[in-house]
Amino acid sequence: MSISASNISRRFGDFVALNDVSIDIPSGGLTALLGPSGGGKSTLLRIIAGLEVADAGTVEINGADATRLPAQRRNVGFVFQHYAAFRHLTVAGNVGFGLKIRRRPKAEIAARVDELLKLVHLSQFADRLPSQLSGGQRQRMALARALAIEPAVLLLDEPFGALDAKVRQELREWLRRLHDEVHVTTVFVTHDQEEALEIADQIVVINQGAVEQVGTPDELYDRPANAFVMGFLGPVTSLQGRLVRPHDILLDTAPVADGLPGRVLRAARVGFEVRLEIALRDRPADEPVQVTLTRAEARRLGIDAEAEVWLRHAPDAPATEPDPVGHERLVAVGA
């Protein structure tokens, strides 16, 4: 089921949440709405779901106008960040709730619940209450409940935002595998760049109520449309007046013809990476260039504090002109 949102605008008093936003979501794909908090991505998701009414614009689901349809008639499954579980119902009762209110036969409900609990690996917890599950298990239960009604579209609003980093990593890998099995058109909101890059087929970058860029993870990372997209999808630094990625800077320990001379101010190991702060000779020391090497590269080059180095930007690596409002904002947003 494809989704088309055209010229969507939404205001809350003087605050413009969405300003003439248009996106197309392909059938069967996994699309991420990615952006900073307050950028408008959750508002757009709720408008697609029918939980919010746009001030202007239209929503089509599979070619049919759904703009004025109530949420219950859009055949949409919605998963919130905080599960919204019925605490007095068992896991099986929660998963089957949507089918029960649709007055499906008991045998059909039981079979569908059993099928879904196996799919999300919760069969052994069918008779437990939500309070007896871990956060990751409750979120898998919420996904099974959303899938129970066989929705045309599955919408996820920051589904893993309340979980710790390790559980988030496990669940996003699981969500990608689940999507590949059920092939339902899925849209999920996230402000986690790594999450979007890892599991989405398509990413829509939304900022301040507008779409900055739409594309595959590779397209956005390798060919960012502007400085905001580049800064939001990963760390950036400034070299020769352009924004570049720290890992796209080539470092030499001997002079090279096109290299910029500098001195290592600080070297910090973070896992397999070594992150360097380098003061260029023609630049104030309080405006260092950030360079990222692998631990193996740093050892091979013998890099440590006070080392003399020469920097070059890797050929064909992405670079953009700085944002007019300042590089500092990009670094803060992309952090």
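All chains use their own residue numbering, which begins from 1 and follows the written sequence. Confidence filtering applies because this is a predicted model: local features only for residues at pLDDT of at least 70, side-chain atom pairs given and counted only at 80 or more, and all residues used for totals across whole chains, interfaces and linings. In computing side-chain values, all of the structure's heavy atoms are included and hydrogens and water are not.

Turning our eyes to something else, we now look at the pairing of strand β7 (residues 153-157). Note on classification: 1.4 Å probe, protein chains only; a residue is buried when its accessible area is under 20% of the maximum for its type, exposed when over 50%, partly exposed between these limits. Counting from the N terminus, the helices are the DSSP runs of H or I reaching at least four residues and the strands are the DSSP runs of E reaching at least two. Counting buried residues along β7, five of its five residues qualify, which places the element largely inside the surrounding structure. Covered by surrounding structure in β7 are V153, L155 and D157 together with L154 and L156, the residues of both alternating faces. At least two DSSP bridges between two strands are needed for those strands to be called paired. Judged from the four bridges that link them, strand β6 (residues 76-79) and β7 form a sheet pairing that is parallel. The residue bridging V79 from the neighbouring strand is L156, located in β7. Strand direction decides the pairing type here: β7 and strand β8 (residues 185-190), joined by five bridges, are parallel. Of the residues in β8, the one forming a bridge with V153 is T185.

Across the nine residues of helix α1 (residues 41-49), seven count as buried, placing the element largely inside the fold. Listing the buried residues of α1 in full gives K41, T43, L44, L45, I47, I48 and A49.

Any Lys or Arg side-chain nitrogen located within 4 Å of an Asp or Glu carboxyl oxygen qualifies as a salt bridge. All chains considered together, the criterion is met by 16 salt bridges. Across the pair E306 and R263 runs a salt bridge whose closest N-O atoms are separated by 3.1 Å. Taken together, the residues span a long stretch of sequence, with E306 in the loop between α10 (295-301) and β17 (308-313) and R263 in strand β14 (residues 260-270) at a distance of 43 residues. Each member of the salt-bridge network shares a partner with another, and the members are R10, R46, E52 and D55.

What follows covers the sheet that holds strand β15 (residues 273-280). Reading across from one edge, β13-β17-β14-β15-β16 is the order of the five strands in this open sheet, with antiparallel pairing throughout. The open sheet has two free edges, formed respectively by β13 (249-252) and β16 (289-294), since each of these has just one partner strand. For this sheet the average axis-to-axis angle between neighbouring strands, irrespective of direction, equals 45°. Two elements, β13 and β17, share four bridges in a ladder whose sense is antiparallel. Structural elements are reduced to axes, namely lines fitted to C-alpha atoms, with helices fitted over the stretch in contact, and the angle between N-to-C directions of any two is expressed from 0 to 180 degrees.

The next thing to look at is unusual backbone geometry. Of note, E150 is a non-glycine position whose phi angle comes to about 55°, a positive value. Take E150: it is sitting in the loop between α5 (135-148) and β7.

Running from amino to carboxyl end, α5 crosses helix α6 (residues 165-182) at an angle of 25°, the nearest separation of the two axes being 10 Å. By the angle between their axes, α5 is roughly parallel relative to α6. Between α5 and α6 lies a crossing whose hand is right-handed. Note on element contacts: α6 touches α5 through V167, L171, W174, L175 and L178, opposite G136, Q139, R140, L143 and L147. Residue composition of the contact of α5 with α6, by class: seven nonpolar, two polar and one charged. Angles below 35 degrees are treated as roughly parallel, those above 145 as roughly antiparallel, those between 65 and 115 as roughly perpendicular, and all remaining angles as oblique. For any pair of crossing helices, the crossing counts as left-handed if the nearer helix is rotated counterclockwise from the farther one by less than a right angle, and right-handed if it is rotated clockwise. Should any heavy atoms of two residues lie within 4.5 Å, those residues are considered in contact. Polarity classes work like this: nonpolar for Ala, Val, Leu, Ile, Met, Phe, Trp, Tyr, Cys and Pro, charged for Asp, Glu, Lys and Arg, and polar for all others, with Gly in that last group.

The next point concerns the sheet that holds strand β11 (residues 237-239). Read across the sheet, three strands follow the order β11-β12-β18 without closing on themselves; strand pairing throughout is antiparallel. Because the sheet does not close on itself, it has two edges, and the strands there are β11 and β18 (319-320). As paired elements, strand β12 (residues 242-244) and β18 share two bridges and run antiparallel to each other. Each residue of the ladder has a partner; that of V244, found in β18, is A319.

With that out of the way, let us pick up the nonpolar core. For our purposes a nonpolar core is just a set of buried Ala, Val, Leu, Ile, Met, Phe, Trp, Tyr and Cys residues, chained together by side-chain atoms within 4.5 Å. Core analysis: the biggest nonpolar cluster contains 43 residues, and V95, L154 and I203 have the highest contact counts within it. Among the elements that make up this core, the one with the highest residue count is α5 (seven residues). Excluding residues that lie within four positions of it along the chain, L154 makes contacts with G77, V79, L143, A146, L147, V184, T185, T186 and V187. Formed by 26 residues, the second largest nonpolar core is a distinct cluster that contains I3, I47, I48 and V59.

Further remarks concern the packing of aromatic side chains. Geometry of aromatic contacts follows a simple scheme: Phe, Tyr and Trp rings, the Trp one being its six-membered ring, pair when their centres are within 6.5 Å, and the pair is stacked under 30 degrees between planes, edge-to-face over 60, tilted otherwise. Across all of its chains, the model carries two aromatic pairs by this definition. On the numbers, 4.4 Å between centres and 45° between planes, the contact of F86 with F97 is tilted. One end of the pair, F86, is in the loop between β6 and α2 (91-95); the other, F97, is in helix α3 (residues 97-101), with 11 residues separating them in the sequence. When its relative accessible area of 29% is taken as the criterion, F97 is described as partly exposed. The interplanar angle of 15° and the centroid separation of 5.7 Å between the aromatic rings of F228 and F232 together place this pair among those described as stacked. Of this pair, F228 and F232 are both found in helix α9 (residues 227-232), four residues apart, which corresponds to roughly one turn of the helix. Between R10 and the ring centre of F12, over which it is positioned, the NZ or CZ distance is 4.4 Å. For a Lys NZ or an Arg CZ to count as sitting over a ring, it must be within 6 Å of the ring centre and within 35 degrees of the ring normal. Over the face of the ring belonging to Y221 we find R245, whose NZ or CZ atom lies 4.0 Å from the ring centre.

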